[in-house]
Amino acid sequence: MERRKTPGEMSAAELADVLAQVRAGDADAWGELYRQYAAAIFRFCRRALPTREDAEDATTEVFMKVRQKLGTYDSSRPFTAWLYKVASNHCWDMLRRRRIRQDLETGDLETLPLEHPDPDQLERLQAEHTSKEVRGGLAKLPDRARLALVLRYYADMSYDEIADTLGVRRAFVGVLLLRARHQLRDALSEGAAGTRGAAAGSNA
Amino acid sequence: MNHFDEMTALLYLEGQLDTEHAREVSAHAAACGECRELLRALQTEGLWLREALAAEDEAIPARLAAVPERGGAPWGWIATLGLSAGGAYTLWSGIVIPWQTQAAQAGFTQGNLLTMLFFSGAFWKGWDAMRSLMEFMAMATLTIVVSWLLRRHWRRLTTFAAVMGALVFALALPASTSAAETRHGDPNFTLPAGEEVHTDLMVASERTEIDGTVDGDLIVWSQVVIVNGHVKGDILGFAQELRVNGPVDGNVRAFAENTDISAAVGKNLMAWTKVLNLEQKGSVGGSVTVGSTDASLGGTIGGDVMGFTHAMEINSTVGGNVKVHGDYLTIGSGAEVKGHVRYEGRNEPEVAQGAKVGAIERIIGKSPSEPTYRGAHFYVHHIILWGVGFVYGLAFLLLMPAFYADATAECKKYAPAAGFGVLFLFATPIAAVIACCTIVGIAVGIATLLLYAIAMYTSTIFVAGWLGEVLLGARPGMGAAIGRLALGLFILHVLRVLPYVGGWILLAAMIWGLGAMVLTIYKRLRPQLATAAAV
């Protein structure tokens, strides 16, 4: 699967070079690495976590972890994937610590009381909403549902990686994703039914 | 095949179905418009989701634009500077000023402690003397390490002489341009009566006897040193037993178990010793500074007497003032003190009849080995000390979070950390002092020693972090790390004020933390070293 490229991404050789320097304690190399990936990690956190403040804090903390754990990065795998893995583990830890109760409430997702979608309606929904509104709707989802969508459709993680991060069985990942999509559709429809237009961007 | 459900459609689109199942879905979709519609709608939704998530319509917050380590730096540095100021102030007000006050009260009239220590009295012989003292301390440390390493061969006493000889040789190498004469005992060294050495004389042997004349300084490492001849410079003696029976025109600086002076010392006497005995026929022209268990002073002393001793007995004529810290002070009948006497100690001073002494100013209930646990000042002082330590640790944690975390983690490797700690505890000052004495120069050496002191202070922070982690668990996040640091430092501070064991606990913590620091630095340097080696 093709990974999303960060704008101005370093070549593999450049990256390997910078990583070696960072491991050697070179502050400049660390700065370069940070500047290269801070935006991507912030965007990831911004989508994975409910508020902007959380995302800012998380970004700083993720980079602290990255620096600590850089030794465990296996250079045969894509660096961005590893970075997202660290970030997603951190975000999920953060959410889980905060929202244990909510997770228990939404824990019984294995049964799928989902109505079959109407393709036309789905297309209309897609056409009517801006990216900003979609992300606004995303922020209203339960943590696990939101994170599942972000891991899959933003960080391009495999089902295995998602299962590992969220601590669920692999077979359950699809269920989680489908359920999350339904929840997002519902959130967007509700928003549209209510204050149409005015609601746009309220969560940004 | 019947119509498939949405779940199957999603898994099909995401490539999560096994080949056979996927083929069935694909075949069905080819035939069924309704299911094709569903697939298409879901696929579009997926793309739409990716697009919405990828859209970059939000700027990166300014506070993330800067690299965290650097970003935290400005106020981190302010905190560090504030801390340094606080630390310096605490040092100054807590240690230096009381010392100065006490010294001034005891009649040590030099206005400034530094002046007193370095430019006058027992220490003064210019910076050369300082250098020789530092060389001396470095050699002493090295001696201890080497003799410890050679302890298996200790039975052969000549080893001692060999080690000493090697050390002096090492010392003599950088100093070869200076006009010192170096003698090695085999195993004993005697400068016969009538013979005169016209430069400084450095001796290392098992037993040293100086019957002749030394027209310079005598620097000696020996088990037993007996000086019967005339030393026109200073004596710097490191020995088990040091006896001065002949006149010394300069100062006597003794680091010995027993120090016995029964002749005239022209300038000052400074002795760090177990027992100091200034005999009745002996005399000291300047002041006497002594740190010992027992000190017995007879004869005449031209200047002041300052003593940190368990028991001090004075029978001399003292031209200046007497200032004693200790447990017992006895002033014999032969004593005559022209200045005043100030005694800070636990027991009532004993003054024999006939002693010519004015009123003794006594500060009761204070013994140097026993800190006062009562009184608000004690607690305030320690809270300030803890605060300074905490602010320092905080600055460190915020400026170098990764290093902090690594070093704290290294603390868990008890044995290597302790080992490296002990090694560097000894090796660093030696390296620094060697740097002082040799090509590198005194500035680098002193800077290294200062850094060493800072490192020793810093090392406790990591131990505190480790301690906090043991007690509170390793929760991630900056807040938790700060909490652990605060608690760890607090416990360390409580432990270090414990009587008797406190100092040892602090030393152990320092060694341990220092080792962890060294391990961390080593690990960070290692890839670089590897790269350097490859190039």
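What you see is a predicted model, and the numbers here were worked out from it, not measured in a lab.

Rules used throughout
- Residues numbered from 1 in each chain as written.
- Chains lettered and ligands numbered in written order.
- Predicted model: local features only at pLDDT ≥ 70, side-chain atom pairs only at ≥ 80, totals over all residues.
- Helix = DSSP H or I, 4+ residues; strand = E, 2+ residues; numbered from the N terminus.
- Buried ≥ 20, exposed ≤ 12 C-beta atoms within 10 Å, placed from the backbone.
- Contact = placed C-beta atoms within 7 Å.
- pLDDT = per-residue confidence, 0-100.
- Nonpolar A, V, L, I, M, F, W, Y, C, P; charged D, E, K, R; others polar.
- Pairing = 2+ DSSP bridges.
- Core = buried A, V, L, I, M, F, W, Y, C linked by C-beta atoms within 7 Å.
- Axes fitted to C-alpha atoms, helices over the stretch in contact; angles between N-to-C directions.
- Parallel < 35°, antiparallel > 145°, perpendicular 65-115°, else oblique.
- Left-handed = near helix turned anticlockwise from the far one by under 90°.
- Expected span 1.5 Å × (residues − 1).

Caption draft 1: Here's a closer look at the overall build of chain B. In terms of helices and strands, chain B carries 15 helices and 21 strands. The buried share of chain B, reckoned over its 535 residues, is 38%. In chain B, of all internal contacts separated by at least 6 residues, the share reaching a separation of at least 24 is 32%.

Caption draft 2: How the structure looks around the confidence of the model for chain A. Residues and elements named next belong to chain A. Of all residues in chain A, 80% attain a pLDDT of 70 or more, and the chain-wide mean is 78. In the model, residues 1-7 has pLDDT below 50 throughout and makes 11 contacts with residues more than four positions away in sequence or in other chains. Throughout residues 195-204 the model reports pLDDT below 50, and contacts reaching past four residues in sequence, or to other chains, amount to 12 contacts.

Caption draft 3: How the structure looks around the interface of chain A and chain B. Contact with chain A, which involves 47 residues of that partner, is made by 40 residues of chain B. Among the elements that line the side of chain A that touches chain B, the one with the most residues is helix 2 (residues 27-48) of chain A, at 11 residues. In terms of residue class, the side of chain A that touches chain B is made up of 24 nonpolar, 9 polar and 14 charged.

Caption draft 4: Expanded view of the sheet that holds strand 12 (residues 283-284) of chain B. Residue and element names in this part refer to chain B. Reading across the sheet, the 5 strands line up as 10-12-14-16-18 and stay open at both edges, with parallel pairing between neighbours. The sheet terminates laterally at strand 10 (264-265) and strand 18 (336-337), the two strands that pair on one side only. Bridge count for strand 14 (residues 300-301) against strand 16 (residues 317-318) is 2 bridges, and the pairing is parallel. Looking at the pairing, Thr300 lines up with Thr317 of strand 16.

Caption draft 5: Inspection of the confidence of the model for chain B at higher detail. All names here are of chain B. When the pLDDT values of chain B are averaged, the result is 76; 71% of them are 70 or greater. Predicted confidence is poor over residues 152-157, with pLDDT under 50, and the contacts of this stretch with residues over four places away or in other chains come to 4 contacts. In the model output, the complex is listed with pTM 0.39 alongside ipTM 0.82.

Caption draft 6: The arrangement of the pairing of strand 4 (residues 200-210) of chain B in detail. Residues and elements named next belong to chain B. Extensive coverage of strand 4 is indicated by the burial of 9 of its 11 residues. Pairing between strand 2 (residues 188-191) and strand 4: 4 bridges, direction parallel. Pairing of Asn188 across the sheet is with Arg207, part of strand 4. The pairing of strand 4 with strand 6 (residues 218-227) spans 9 bridges and is parallel. Each bridged residue has a counterpart across the sheet, and for Arg207 the counterpart in strand 6 is Val224.

Caption draft 7: Focus on the nonpolar core. Grouped together as the largest cluster of nonpolar side chains are 103 residues, with contacts concentrated most on Ile41, Phe44, Cys45, Leu149 and Val150 of chain A. Setting aside residues up to four positions removed in sequence, Val150 of chain A forms contacts with Phe44, Arg47, Ala48 and Ala155 of chain A together with Leu53 of chain B.

Caption draft 8: How the structure looks around the packing of helix 2 of chain A against helix 3 (residues 52-69) of chain A. Residues and elements named next belong to chain A. At a minimum axis distance of 9 Å, the contact between helix 2 and helix 3 shows a crossing angle of 140 degrees. Comparing their axes, helix 3 and helix 2 come out oblique. The hand of the helix 2/helix 3 crossing is right-handed. When helix 2 is examined against helix 3, the residues Trp30, Tyr34, Ala38, Ile41, Phe42, Cys45 and Arg46 are found in contact with a partner set consisting of Arg52, Ala55, Ala58, Thr59, Val62, Phe63 and Arg67. Looking at the contact of helix 2 with helix 3 residue by residue, the class counts come to 10 nonpolar, 1 polar and 3 charged.

Caption draft 9: Here's a closer look at helix 11 (residues 401-410) of chain B. In terms of residue burial, helix 11 of chain B counts as a mostly covered element, since 8 of its 10 residues are buried. Among the residues of helix 11 of chain B, Pro401, Ala402, Tyr404, Ala405, Asp406, Ala407, Thr408 and Glu410 of chain B are the ones counted as buried.

Caption draft 10: Seen up close, the environment of Ser287 of chain B. Mapped onto the fold, Ser287 of chain B is located in the loop between strand 12 and strand 13 (288-297). With 36 residues separating them in the primary sequence, Ser287 of chain B and Asn251 of chain B have C-alpha atoms 9.8 Å apart.

Caption draft 11: Structural view of helix 3 of chain A. When the terminal C-alpha atoms of helix 3 of chain A are compared, their 25 Å separation across 18 residues agrees well with the 26 Å that a helix rising 1.5 Å per residue should span. Ala55, Ala58, Thr59, Glu61, Val62, Phe63, Met64, Val66 and Arg67 of chain A are the residues of helix 3 of chain A that are buried.

Caption draft 12: Quick look at the pairing of strand 19 (residues 341-345) of chain B. Residue and element names in this part refer to chain B. The element strand 19 is extensively covered by neighbouring structure, given that 4 of its 5 residues are classed as buried. Pairing geometry for strand 17 (residues 322-331) and strand 19, over 5 bridges, is parallel. By the bridge assignment, Val322 is partnered in strand 19 with Val341.

Caption draft 13: Geometry of the packing of helix 3 of chain A against helix 4 (residues 79-98) of chain A. Residue and element names in this part refer to chain A. For the pair helix 3 and helix 4, the least separation of the axes is 10 Å and the interaxial angle reads 125 degrees. It follows that helix 3 is oblique to helix 4 by the angle criterion. The two elements helix 3 and helix 4 meet at a crossing, and its hand is right-handed. Of the residues in helix 4, those in contact with Ala58, Glu61, Val62, Lys65, Val66 and Lys69 of helix 3 are Leu83, Val86, Ala87, His90, Cys91 and Met94. In terms of residue class, the contact of helix 3 with helix 4 is made up of 8 nonpolar, 1 polar and 3 charged.

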